Amino acid sequence: MKNTIGNSLSVTLFGESHGQEIGAVVDGIAPGIPVDDAFITRQLARRAPSSALDTARREADQYRIVSGVFNGKTTGTPVCILIPNENTRSGDYSYGQARPSHADYAAFCKYHGFEDYRGGGHFSGRLTAALVAVSGLLLPALDRLGICIGTHILCCDGVMDARFGESGDLKAEIDTLQKTDFPVLVQSCGQEMQARVLAAKKDGDSVGGVTQTALIGLPAGLGEPTFDSVEGMLAHALFGIGGIKGVEFGRGFGFAEGRGSVLNDPLRIKNGKTVTKTNHNGGINGGITNGMPVLFQCAVKPTPSVAVTQETVNFLLGEQCEITVHGRHDPAIIRRICPVIDSVTAIVAADMLCQRYGTDILTADAFPEYI
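Below is a short write-up of the structure. Quantities reported herein were computed from a predicted structural model and do not represent experimental measurements. (Residues numbered from 1 in each chain as written. Predicted model: local features only at pLDDT ≥ 70, side-chain atom pairs only at ≥ 80, totals over all residues. Heavy atoms only, no water.)

## Looking at the overall build of the protein chain
Each helix and strand in the protein chain was counted, giving 8 helices and 18 strands. Its C-alpha atoms give the protein chain a radius of gyration of 21 Å, within 12% of the compact-globule value 21 Å for 371 residues. Structurally, the protein chain occupies a C-alpha span of about 65 × 50 × 35 Å along its principal axes. Long-range pairs, those at least 24 residues apart, make up 72% of the contacts in the protein chain between residues at least 6 apart in sequence. Accessible area for the protein chain stands at about 17400 Å²; split by element, carbon and sulfur atoms hold 52% of it. The positive charge centre, built from 32 side chains, and the negative charge centre, built from 39, are 3 Å apart in the protein chain. (Helix = DSSP H or I, 4+ residues; strand = E, 2+ residues; numbered from the N terminus. Rg over C-alpha atoms; globule rule 2.2 N^0.38 Å. Contact = heavy atoms within 4.5 Å. Areas by Shrake-Rupley, 256 points an atom, 1.4 Å probe, with all protein chains shown as cover. Lys, Arg positive; Asp, Glu negative; His and termini not counted. Charge placed at Lys NZ, Arg CZ, Asp CG, Glu CD.)

Below you can see the structure in the form of structure tokens.
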């Protein structure tokens, strides 16, 4: 079972939804990075359920850092973060009837019945809280280097938000997202999306959507041409988030709809630096950053736990049956997944920087000059 992501800087996830605790171990992190507890708490609050749009399961997320931090700064040894599970109702879950589009049957095939099935066990979105806590260590370090990350809901149940950059100030758009409870660029669009989510909830159903992420401030030259391309590393990590079923960079599948003369990104010099006139490729050429904003979209499926009766099987008995899923579930995970996507993006960005510049880059205030 592989639960680790990263090369120079790695993150290992552990725990189950209804186990005693979940957590993460961060290895390869530089010594001397300041740890801002208030910032980590704020990041966890962005992911936490908070309204009728979300699951009724509420967790305090009172995390503990039990190693790798001393006197408010990282020591350079592995950082272990623990988050207790305190609000569980394991009686809501039974074993044998596979919930459609969940990992129940696949987990049974892999782990031969020894898996912890309660609340989805190790497959639960609950574990993303640990990823968000890890990003609370890394995002301030990236910010000191001029790197920032933002994710908004581009589409939910057919309602479209504006795209990044349409206002002309991408950095301001990202800053605004950090302060809003429902991450959209146009508030009226967000209100319509929320109404759609509540309508699905009333029907005992769920909805999905598409997110858009912007990663700005990365220097040109990060990534590798083939299997450790920027797209490959990000997609590898993003598909570790349950519910994400598609990732596209820049125009993505839109490249199939036009000609190269239109969809190429012309180069120019601006203030002494090489930039592209457009950014259809999402800041990546040949698997390597070109200095423009890295832009990508994620397709998020509807929450599979719905109160609508569905066909399934009891894999213990080998019988066809029906199931109605009970318990506490989100009618849409797309709002809560946005800070998780930010977090995974931060982990990958930090790892790529450490690979190129060394792990001490996360304690720096500027990039070294390369000719």
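## With respect to helix α4 (residues 170-177)
Counting along an α-helix, one turn takes 3.6 residues, and residues three or four places apart therefore face a common direction. Considered for burial, the residues of α4 that qualify are L170, E173, I174 and L177. In an axial view of α4, the angular spread of the buried residues amounts to 95°, which keeps them on one side of the axis. Buried-residue contacts for α4 involve α1 (37-47), β8 (148-156) and β10 (209-216). (Buried < 20%, exposed > 50% of the residue type's maximum accessible area, 1.4 Å probe, protein only. Arc of directions from axis to C-beta.)

## Side note on the packing of aromatic side chains
Under the defined criterion, the tally for this structure stands at 7 aromatic pairs. When the centroid spacing of 4.5 Å and the interplanar angle of 25° are considered together, the rings of F108 and F315 count as stacked. Residue F108 is located in helix α2 (residues 104-111), and its partner F315 is located in the loop between β17 (310-314) and β18 (319-323); the two are separated by 207 residues in the primary sequence. With 6.4 Å between their ring centres and 55° between their planes, Y111 and F123 make a pair best called tilted. Of this pair, Y111 sits in helix α2 while F123 sits in the loop between α2 and α3 (128-144); the two residues are 12 residues apart in sequence, bridging distant segments of the chain. (Phe/Tyr/Trp six-rings, centres within 6.5 Å; stacked < 30°, edge-to-face > 60°.)

## Structural notes on the side chain of S135
With respect to the secondary-structure elements, S135 resides in helix α3. Of note is the side chain of S135, whose polar atom sits 2.7 Å from the backbone oxygen of V132. Once you skip the residues sitting within four places of it in the chain, S135 turns out to touch F39, Q43, P140, S343 and A346. (Polar contact = N/O pair within 3.5 Å; in protein donor to acceptor, adjacent residues only side chain to side chain.)

## Here's the deal with the sheet that holds strand β16 (residues 294-300)
With antiparallel pairing, the 5 strands of this open sheet are ordered in space as β9-β8-β10-β16-β11. Whereas interior strands pair on both sides, the edge strands pair on one side only; in this sheet they are β9 (159-160) and β11 (244-249). With 2 bridges connecting them, β8 and β9 associate as antiparallel partners. Paired with C156 across the strands is V159, a residue of β9. Across the sheet, helix α6 (residues 230-238) touches β11 and β16, and the angle it forms with β11 is around 160°. (Pairing = 2+ DSSP bridges. Axes fitted to C-alpha atoms, helices over the stretch in contact; angles between N-to-C directions.)

## Some details on unusual backbone geometry
In this structure, H112 is a non-glycine residue whose phi angle is positive, near 60°. Phi angles above zero are rare outside glycine, and N271 is one such case at about 55°. Here N271 shows up in the loop between β12 (267-270) and β13 (273-276).

## Quick notes on the pattern of salt bridges
Pairing is possible between side chains that carry opposite charge, provided their charged atoms lie close to one another. Under the definition given, this model contains 9 salt bridges. Of the charged contacts, one joins R126 and D61 as a salt bridge, the two residues approaching to 2.8 Å between their closest N and O atoms. One end of the pair, R126, is in the loop between α2 and α3; the other, D61, is in the loop between α1 and β4 (64-67), with 65 residues separating them in the sequence. Taking the relative accessible area as the measure of exposure, R126 reaches 6% and is therefore buried. For D61, a relative accessible area of 7% translates into the label buried. (Salt bridge = Lys/Arg side-chain N within 4 Å of Asp/Glu carboxyl O.)

## What about the pairing of β12?
Strand residues, when the strand is regular, have side chains that alternate between the two faces of the sheet. Alignment of β12 against β13, held across 4 bridges, turns out to be antiparallel. Paired with I269 across the bridge in β13 is T274. Between the antiparallel neighbours β12 and β13 lie 2 residues, among them N271 with a positive phi of about 55°.

## Topic: the pairing of β8
Burial analysis of β8 places 9 of its 9 residues in the buried class, which makes it a mostly covered element. Taken together, the 8 bridges between β8 and β10 define a ladder with antiparallel strand orientation. Note on β10: the bridge partner recorded for G150 is A214. Between the end of β8 and the start of β9, which pair antiparallel, lie 2 residues, with D157 showing a positive phi angle near 50°.

No statement about biological role is implied by the geometric values presented.
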